[in-house]
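Working through the structure, step by step
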Amino acid sequence: MSELVVGTKKGLFLLEGEPNSGFDITTRAFAGDPVDFATRDPRTGRLLAAVTSPFYGPKIFYTDGGPEAEWEQAEGLALPEGGDSALERIWVIAPGEADGTLYAGGDPGVLFESHDGGASWEINAGLWEQPSRPHWQPGGGGLCLHSISTWPGDPDRLAVAVSAAGMWLTEDGGRTWRRGNEGLNPGYLPEEALADENAGRCVHHVERAPRQPSRMFMQFHGGVYRSDDAGGSWTDIGGGELPSDFGFPLMIDPADPDSAYLIPLVADMDRVTPDGRVRVYETRDGGSTWAARGDGLPAQHAYLTVLRQAFNRVGEGPELELYFGSTSGELFGSCDAGASWSTLATRLPPVFSLVAF
Amino acid sequence: MAIVSVRGPLRKLAGARAEHELEGVTVLELLRALEGRHPDLGGWVLDERGLIRRHINVYVNGERGEEATPVRDGDRVEVLPAITGG
């Protein structure tokens, strides 16, 4: 039995089931409110939801009971008072390596840390006070910190990605940060601007291979990349069989550092699945070759958009389960590492995020 | 003293009371005073900059107000979610 924690434009949904036999919606919470991201802390079972009321601003809520139990509002989730910006949105929540530690990334390019399981948060000052921050450029979705990659077993090493301020790496628990953008080639910039490290590096999603943490994969705004030095530099792997080098969602098989899964979209000016077909592309050789995996997915007149946080997995190896949701409110799943797929839900609100357990 | 009224989730966060008698000579001072009395309201009406959130409307005696709008004794200040959405 697997559980899907799904954030949508109109609330949080929990589903339980198996890809083969179907999923049931067990809960809806935060009815009517945008749930930008929701997950469990796998160490405690605590549910956390990033909710951005259009009226009252972004908050994180948590509950240790069932999702229909009382939700508590987390404290401390704000920018320093008296500044010239306000927190716009929380894009992602990720468990840290140290006990009780969680990270949350948000707009404007901000990282929060919690050391009590998500009840209270504080801003990561090292990243917030980067001298180059005034020059950071937002992407289309804002200045969003959307990817947080911990280093298994080492709480001091962390990589985060900000659209469009690029990759940021720390080896001292977030006290100091350095950029990790070498090798990225933003085709949307004039050649003369490439030397400007503040010119936009529009990273869309990053994942780290847990068994070989120096190996990372990146979906860029026009480009797919691999890093073999923990995010310091990047090699283009976006050619070959991929129908497009544009997209947002990216997953890996934890058992295989050479694996990655993408759901490409046509291009930045046409953010739908290419050719009216929904296909997941898989590499098992570090990006040298890619193969389409679409058995069971819509194959005709299917112009779906899958957002960056709406693709996730549970398990690994031959038992790897993959799940994704679309802005058209559909959920799809595979229980055989992407070889075959089934539709798990339809007519949900637009899916913003999906995390599987 | 002015009367600040809130509704919906703000009322719940404000001790389940709709009306609050508060000291202040501007809308911002009243809202700060309300937050001071009910800390759970922090961040719900005013953001980190001290600005009223974009989709919250404040009316003073039925006239649209903003942070610096003056308030006198006996004035009624209503805090309402704006008509918005999509």
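Higher on the page you've got the structure.
An account of the accompanying structure is given in this report.

Calculation notes
Residues numbered from 1 in each chain as written. Chains lettered and ligands numbered in written order. Predicted model: local features only at pLDDT ≥ 70, side-chain atom pairs only at ≥ 80, totals over all residues. Contact = placed C-beta atoms within 7 Å. Nonpolar A, V, L, I, M, F, W, Y, C, P; charged D, E, K, R; others polar. Buried ≥ 20, exposed ≤ 12 C-beta atoms within 10 Å, placed from the backbone. Helix = DSSP H or I, 4+ residues; strand = E, 2+ residues; numbered from the N terminus. Pairing = 2+ DSSP bridges. Core = buried A, V, L, I, M, F, W, Y, C linked by C-beta atoms within 7 Å. Arc of directions from axis to C-beta.

1. Some thoughts on the interface of chain B and chain A
- With 12 residues of chain B in contact, the opposing surface of chain A contributes 12 residues.
- Residues belonging to the side of chain B that touches chain A are distributed by class as follows: four nonpolar, four polar and four charged.

2. Points about the pairing of strand 4 (residues 35-40) of chain A
Residue and element names in this part refer to chain A.
- With five of its six residues buried, strand 4 lies for the most part within the structure.
- Bridge analysis of strand 4 against strand 5 (residues 47-53) gives five bridges, and the strand direction is antiparallel. Across the sheet, the residue bridging to R40 is L47, located in strand 5.

3. Overview of the nonpolar core
- One finds A49(A), I60(A) and L354(A) to be the most contacted residues of the largest nonpolar core, which totals 101 residues.
- If we skip the residues at most four places from it in the chain, A49(A) touches G7(A), L12(A), F30(A), V35(A), A38(A), I60(A) and F61(A).
- Counting residues in hydrophobic clusters, the runner-up holds 23 residues, among them V4(B), A14(B), L34(B) and V71(B).

4. Examining helix 2 (residues 27-37) of chain B
All names here are of chain B.
- Within helix 2, burial applies to V27, L28, L30, L31 and L34. The buried residues of helix 2 all sit within an arc of 165° when viewed along its axis, so they share a single face.
- Along its buried surface, helix 2 packs onto strand 1 (2-5), strand 2 (19-22), strand 3 (56-60), strand 4 (63-65) and strand 5 (76-81).

5. A closer look at the sheet that holds strand 12 (residues 144-151) of chain A
Residue and element names in this part refer to chain A.
- Ordered in space as 12-13-14-15, the four strands form an open sheet in which the pairing is antiparallel. Strand pairing shows two members of the sheet lacking a second neighbour, strand 12 and strand 15 (178-179), which therefore form its edges.
- Across five bridges, strand 13 (residues 154-163) lies against strand 14 (residues 166-170) in antiparallel orientation. Among the inter-strand pairings, A159 is bridged to a residue of strand 14, identified as L169.

6. Digging into the sheet that holds strand 5 of chain A
Residues and elements named next belong to chain A.
- Across the sheet, which stays open at both edges, the four strands sit in the order 4-5-6-7 with antiparallel pairing between neighbours. Either end of the sheet is taken by a strand with one partner, and the two such strands are strand 4 and strand 7 (72-73).
- In the sheet, strand 6 (residues 57-63) pairs with strand 7 via two bridges, with the strands oriented antiparallel. When the bridges of strand 7 are listed, Y62 appears paired with E72.

7. As for the environment of R28(A)
Residues and elements named next belong to chain A.
- For R28, the position within the fold is in strand 3 (residues 22-29).
- Among the residues examined, R28 registers 17 C-beta atoms within 10 Å and is labelled partly exposed.
- Through-space distance from the C-alpha of R28 to that of Y188 is 40 Å; in sequence the pair is 160 residues apart.
- Setting aside its immediate chain neighbours within four residues, R28 contacts G11, L12 and F13.

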